[in-house]
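What follows is the residue order along each chain.
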Amino acid sequence: MGIFARIREDLEAARSHDPAARGSFENFFVYSGLHAIWIHRLTHRMWATPSLRFPARVLSQLARFLTGIEIHPGATVGRRFFIDHGMGVVIGETAEIGDDVMIYHGVTLGGRSLAKTKRHPTIGNRVTIGSGAKVLGPIYIGDDSAIGANAVVVKDAPAESIITGIPGKVRHRDATKEMAPAVDPAEYIDPAMWI
């Protein structure tokens, strides 16, 4: 896919995800999330060439200064990725983000280890991550999931999950597919109550 087709695709994604978007012309000039993503696409290509890693890091830091969004050049980002508002977003080096993902301001896709291995999350396709959420470690968030605002997620979540709270608790999007508890607390009788 050519660069202009990719830019057009990103602009369409912004328009479809943000009801405040007034048009591609305006979005092209004023959406810092788009600017950060476009600079990341360049720095990610540079990162693949070891001799260009230092300039890639410098350019990514310039993007951070200009947009308030920090995306490490090593991170892998899918198509039609959209960052709404953006300020304070941090995406670590080994993070992997699928297609059609949307994240809000203050989101961290961070690590929990200093080991030089995969230490950042993998986000599936069509995932939405609410503002202030922290998704930490080499975990996997399944396709079509949603992470609530300010959630702290440190464990894998299957496809079609909703993750909320600190620590993040996982439930299925479809309430009929929820697993019943091993013991129904309403029917449980504590033998100690007869003592």
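Quick note: structure is the one above.
Residues numbered from 1 in each chain as written. Predicted model: local features only at pLDDT ≥ 70, side-chain atom pairs only at ≥ 80, totals over all residues. Heavy atoms only, no water.

**Q** Is there a simple way to think about the pattern of salt bridges in this case?
**A** Opposite charge on two side chains permits them to pair, given that their charged atoms come into close proximity. Taken as a whole and assessed by the stated rule, the structure comprises 6 salt bridges. Of the charged contacts, one joins E93 and R119 as a salt bridge, the two residues approaching to 3.0 Å between their closest N and O atoms. Placement of the pair is E93 in the loop between β4 (90–91) and β5 (96–97) and R119 in the loop between β7 (108–110) and β8 (122–123), with a sequence separation of 26 residues. For E93, a relative accessible area of 26% corresponds to the partly exposed category. Notably, a salt bridge pairs K118 with E96, separated by 3.3 Å at the nearest N-O pair. (Salt bridge = Lys/Arg side-chain N within 4 Å of Asp/Glu carboxyl O. Helix = DSSP H or I, 4+ residues; strand = E, 2+ residues; numbered from the N terminus. Buried < 20%, exposed > 50% of the residue type's maximum accessible area, 1.4 Å probe, protein only.)

**Q** Sorry, what's going on with the side chain of H72 here?
**A** Tracing the sequence through the fold places H72 in the loop between β1 (70–71) and β2 (76–77). For H72, the side chain forms a polar contact with the main-chain nitrogen of G74, separated by 2.8 Å. Excluding residues within four positions of it along the chain, H72 makes contact with H40, W47, R57, I91, G92 and E93. (Polar contact = N/O pair within 3.5 Å; in protein donor to acceptor, adjacent residues only side chain to side chain. Contact = heavy atoms within 4.5 Å.)

**Q** Please clarify how helix α4 (residues 53–67) should be interpreted in this entry.
**A** Here α4 spans 21 Å end to end across 15 residues, near enough to the 21 Å set by a 1.5 Å rise per residue. Within α4, the full set of buried residues consists of A56, S60, A63 and T67. For α4, the buried positions fall inside an angular range of 55° around the axis, keeping them on one side. Of the exposed residues in α4, the ones pointing more than 90 degrees away from its buried face are F54 and F65. Next to the buried residues of α4 lie α3 (32–47) and β1. Trailing α4 by a residue or two, G68 shows a phi angle of about 80°, which is positive. (Expected span 1.5 Å × (residues − 1). Arc of directions from axis to C-beta.)

**Q** Help me out: how do you make sense of the sheet that holds β5 in this one?
**A** The strands that make up a sheet are held in pairs by hydrogen bonds between backbone atoms, and each pair lies either parallel or antiparallel. The 4 strands are arranged β2-β5-β8-β11 in an open sheet whose pairing can be described as parallel. Two strands bound the open sheet, and with one partner strand each, they are β2 and β11 (140–141). As defined by bridge partners, β2 adjoins β5 across 2 bridges and the pair is classed as parallel. In the strand pairing of β5, V77 is matched with I97. (Pairing = 2+ DSSP bridges.)

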